[in-house]
Amino acid sequence: MAADSQTIIAPTDAELLQAQADLWRHSLYYLTSMALKCAVELHIPTAIHNLGGATSLTNLVTALSLPQTKLPFLRRLMRLLVRSGIFASDSNAEVETYRLNPLSWLLVEGVEAEDHTYQKYFVLGTVSRHYVEAGLSLADWFKKDLAAPLPSPFEELHGVPLVHETTKLLDEELDRIVNEGVAAHDNLAIGTIIRECNDLFKGLQSLTDCCGGDGTTVRAIIKAFPDIKCTVLDLPKVIETAPAHYAVNYVAGDMFHAIPPAQAVMLKLVLHFWNDEDCVKILEQCRKAIPSREEGGKVIIIEIVLGPSMGPIMYEAQLLMDMLMMVNTRGRQRDENDWREIFIKAGFSDYKVVKKIGARGIIEVYP
């Protein structure tokens, strides 16, 4: 007997009209990204900050030194950015004003405040021509039968990997923007992590921060826990430009080959750049660098832990970050089951998710 065929129920007129509007939104979301890029390049967040945190459109045009003829066009730009949650607006006031909100606060330049990490270069990197072109090539990449290890769409299209010493061969300015963006992204919320997960570092005698860059993160840790002896491991080109600090030991090296011994090793937003096999290799080196669990040995991993538990908006942000990794790197974002599998393969005995801070999770992994 033939299988029962499913009855296809046609959408209603109202559902089709809503679907049409949804299709417009999804097809045109890139214009929100372009509007954000425009706001960053015009320095709109910084201008609003310099005007006291809120300003009228007329004053904003003057502060930005834009032609007065652009005022109605700027209003249309700001209307979209407000609707997208990038700025706030007091539309009920006698004169409509635009204000900074937490999102646009991250795009204010020159603020010397704890936990303020300027995110301009993260925005400019993700909307750069090279990223966009890699995204546009995604369907072609899927159709190709490529040899393992699979290059990312970015690498397949442009001939060099992203976040690599050869990236500058493609475009030196892109390489600079990406490195600045990665550093800003990595250091965002370290103060929050220290406050919210105080026990993470309490009692530690030594810590090695793998791919710790210029030491921004360990300097924040030392400020809160001055007794911890901190080491930063990174590539020679990074270490040679890192600012000297009396309490930070900088080591030039490669985490795939050796990691300076410490009671704890930290991998902060590192593993999402690498495939599972490489993550296992990195974690095996981490295991060699730390003492037993009884002696306080552990690996601290700060990464996205994919899952809907933080709500639909946060989950969507996590999934978009996973797509960013898929298009531009050989890495990915992972859910808890993915992490567990990697830890077991690397020879670790146990782990726990200490806490979730926004889209990120903090994981302790034990030898």
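Residues numbered from 1 in each chain as written. Predicted model: local features only at pLDDT ≥ 70, side-chain atom pairs only at ≥ 80, totals over all residues. Heavy atoms only, no water.

An unreviewed UniProt entry lists the chain under the name Putative O-methyltransferase 2, from Dichanthelium oligosanthes. Taken directly from UniProt, the Sequence similarities (unreviewed entry) text for the chain runs: "Belongs to the class I-like SAM-binding methyltransferase superfamily. Cation-independent O-methyltransferase family. COMT subfamily." (UniProt positions renumbered as here; feature names shortened; annotations may be inferred.)

Caption draft 1: Region of the structure containing helix H4 (residues 71-83). Helix length check: H4 (13 residues) gives 18 Å between terminal C-alpha atoms against 18 Å at 1.5 Å per residue, within 8%. Inspection of H4 places Leu71, Leu74, Leu77, Met78 and Leu81 among the buried residues, and these make up the whole buried set. All buried residues of H4 project into a common sector of 115° when viewed along the axis, lining one side. Among the exposed residues of H4, those oriented more than 90 degrees off its buried face are Arg76, Arg79 and Arg83. Among the structural elements, helix H1 (13-41), helix H2 (44-50), helix H3 (57-63) and strand E3 (97-99) are those in contact with the buried residues of H4. Gly85 lies just past H4 and shows a positive phi near 85°. (Helix = DSSP H or I, 4+ residues; strand = E, 2+ residues; numbered from the N terminus. Expected span 1.5 Å × (residues − 1). Buried < 20%, exposed > 50% of the residue type's maximum accessible area, 1.4 Å probe, protein only. Arc of directions from axis to C-beta. Contact = heavy atoms within 4.5 Å.)

Caption draft 2: Looking closely at the packing of aromatic side chains. Applying the stated criterion across every chain, the model contains six aromatic pairs. Relative to Phe343, the ring of Trp339 lies with its centre 6.0 Å away and its plane at 20°, an arrangement referred to as stacked. With Trp339 and Phe343 both in helix H17 (residues 336-345) and four residues apart, the pair spans about one turn of that helix. Take Trp339 and Phe343: they sit in the same class, and that class is buried. An aromatic cluster is defined as three or more aromatic residues linked by ring pairs; in this entry it consists of Trp339, Phe343 and Tyr351. Its guanidinium or amino end placed over the ring of Tyr366, Arg293 lies 3.8 Å from that ring's centre, counting from NZ or CZ. (Phe/Tyr/Trp six-rings, centres within 6.5 Å; stacked < 30°, edge-to-face > 60°. Lys NZ or Arg CZ within 6 Å of the ring centre and 35° of its normal.)

Caption draft 3: How the structure looks around the side chain of Asn187. With respect to the element layout, Asn187 can be found in helix H11 (residues 172-187). Residue classification places Asn187 among the buried residues on the basis of a relative accessible area of 14%. A polar contact is formed between the side chain of Asn187 and the backbone oxygen of Ala183, at a distance of 3.0 Å. Polar side-chain contacts of Asn187 include one of 2.9 Å to the side chain of Thr217. (Polar contact = N/O pair within 3.5 Å; in protein donor to acceptor, adjacent residues only side chain to side chain.)

Caption draft 4: Quick peek at the state of the cysteines. Applying the stated criterion to the full structure yields zero disulfides. In this structure Cys211 is not part of a disulfide, and its nearest cysteine sulfur, from Cys210, lies 6.3 Å away. Its relative accessible area of 32% is what places Cys211 among the partly exposed residues. Cysteine Cys230 shares no disulfide, and the gap to the nearest cysteine sulfur, in Cys210, comes to 13 Å. On the basis of relative accessibility, which here comes to 2%, the residue Cys230 falls in the buried class. (Disulfide = S-S within 2.5 Å.)

Caption draft 5: Geometry of the side chain of Ser206. You can see Ser206 is positioned in strand E4 (residues 206-210). At a separation of 2.8 Å, a polar atom in the side chain of Ser206 contacts the main-chain amide nitrogen of Gln263. Setting aside its immediate chain neighbours within four residues, Ser206 contacts Ile228, Lys229, Ala262, Gln263 and Ala264.

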